[in-house]
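One letter stands for each residue in the lines below.
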Amino acid sequence: MVDVSIVVAAAENGVIGADGDMPWRLSTDLQRFKKLTLGKPMIMGRKTFDSIGKALPGRTSIVVTRDSEWQAEGVVAVGSLDKAFDLALEIANADGVDELCVVGGGQIYAQAMDRADVLHVTTVHASPQGDTVFPAIDLAVWQAVHEEPVPAGEKDSATTTYRVYRRKKAG
Ligand SMILES: NC(=O)c1ccc[n+]([C@@H]2O[C@H](COP(=O)([O-])OP(=O)(O)OC[C@H]3O[C@@H](n4cnc5c(N)ncnc54)[C@H](OP(=O)(O)O)[C@@H]3O)[C@@H](O)[C@H]2O)c1
């Protein structure tokens, strides 16, 4: 079985992005992101790819765009979220990994939430202004199975709490 995981850092007010970037500096969380995603297929929106600016090594980036001409070095472009999930599942099965990761941004999270089994959520203890938000986590649907306060390291602009949620079983 391949779990569909969402990986996100969201502020207390739900903000995840501002002006095409993230409104904080969180080196510790970027290290966690790397550990969580290495070796696994990642699905992202074209705007998130633009904000990262390059293919991240050690994992396949599947970029969702409606622009059939769009391409970038080292990534696979697909025209729909369905195609992105089909391809990510194929890659996960071929590589023998048990998770595929949806890594944003706001548009893609909103469309992928219903398909996710697991949420890896870093809550950033700040309330920055921004233009992109993460959908509310409905605790009737999601159960926190791990919670870990993370102090701010030297290269972090805020303290955070890392939580893992699993979708509750129906019935
Ligand atoms: N805090 C975090 O964890 C985190 C993580 C990731 C991103 N972010 C932030 O989030 C922001 C970007 O998010 P965003 O919501 O603006 O954009 P996004 O979700 O990254 O990308 C949106 C783009 O994806 C494509 N797309 C979306 N739905 C599609 C569909 N159903 N079929 C085909 N293509 C589709 C379109 O690309 P085209 O326009 O090319 O057609 C659309 O413009 C940035 O500020 C970024 O820094 C934060």
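Residues numbered from 1 in each chain as written. Predicted model: local features only at pLDDT ≥ 70, side-chain atom pairs only at ≥ 80, totals over all residues. Heavy atoms only, no water.

A. Summary view of the nonpolar core. By size, the foremost hydrophobic cluster in this structure holds 28 residues, and its most contacted members are Ile-6, Ile-43, Phe-85, Leu-100, Val-102, Leu-119 and Phe-134. Of all the secondary-structure elements, those providing two or more residues to this core are strand E1 (3-11), strand E4 (61-64), helix H3 (81-95), strand E6 (99-102), helix H4 (106-112) and strand E7 (118-124). Element by element, the count of residues in this core is highest for H3, at six residues. When sequence neighbours within four positions are dropped, the list of residues in contact with Leu-100 reads Val-2, Asp-3, Val-4, Ser-5, Pro-41, Ile-43, Phe-85, Ala-88 and Leu-89. Counting residues in each nonpolar core, the second largest holds 16 residues, with Val-7, Met-42, Leu-56 and Val-118 among its members. (Core = buried A, V, L, I, M, F, W, Y, C linked by side-chain atoms within 4.5 Å. Buried < 20%, exposed > 50% of the residue type's maximum accessible area, 1.4 Å probe, protein only. Helix = DSSP H or I, 4+ residues; strand = E, 2+ residues; numbered from the N terminus. Contact = heavy atoms within 4.5 Å.)

B. A look at the pattern of salt bridges. Inspection of every chain in the model, using the stated rule, returns seven salt bridges. Among the ionic pairs, Glu-148 bridges to Arg-32, the shortest N-O distance being 3.8 Å. Here Glu-148, found in strand E9 (residues 142-150), pairs with Arg-32, found in helix H1 (residues 27-37); they are 116 residues apart in sequence, far enough to count as distant. The class of Glu-148 is partly exposed, set by a relative accessible area of 29%. Put simply, Asp-29, Arg-32 and Glu-148 are held in one network by salt bridges that share partners. (Salt bridge = Lys/Arg side-chain N within 4 Å of Asp/Glu carboxyl O.)

C. Main features of the UniProt feature "domain: DHFR" (unreviewed entry) in the chain. The residues that UniProt annotates with the feature "domain: DHFR" (unreviewed entry) are residues 3-167. The span residues 3-167 carries 24% helix and 33% strand; its end-to-end C-alpha distance comes to 11 Å. (UniProt positions renumbered as here; feature names shortened; annotations may be inferred.)

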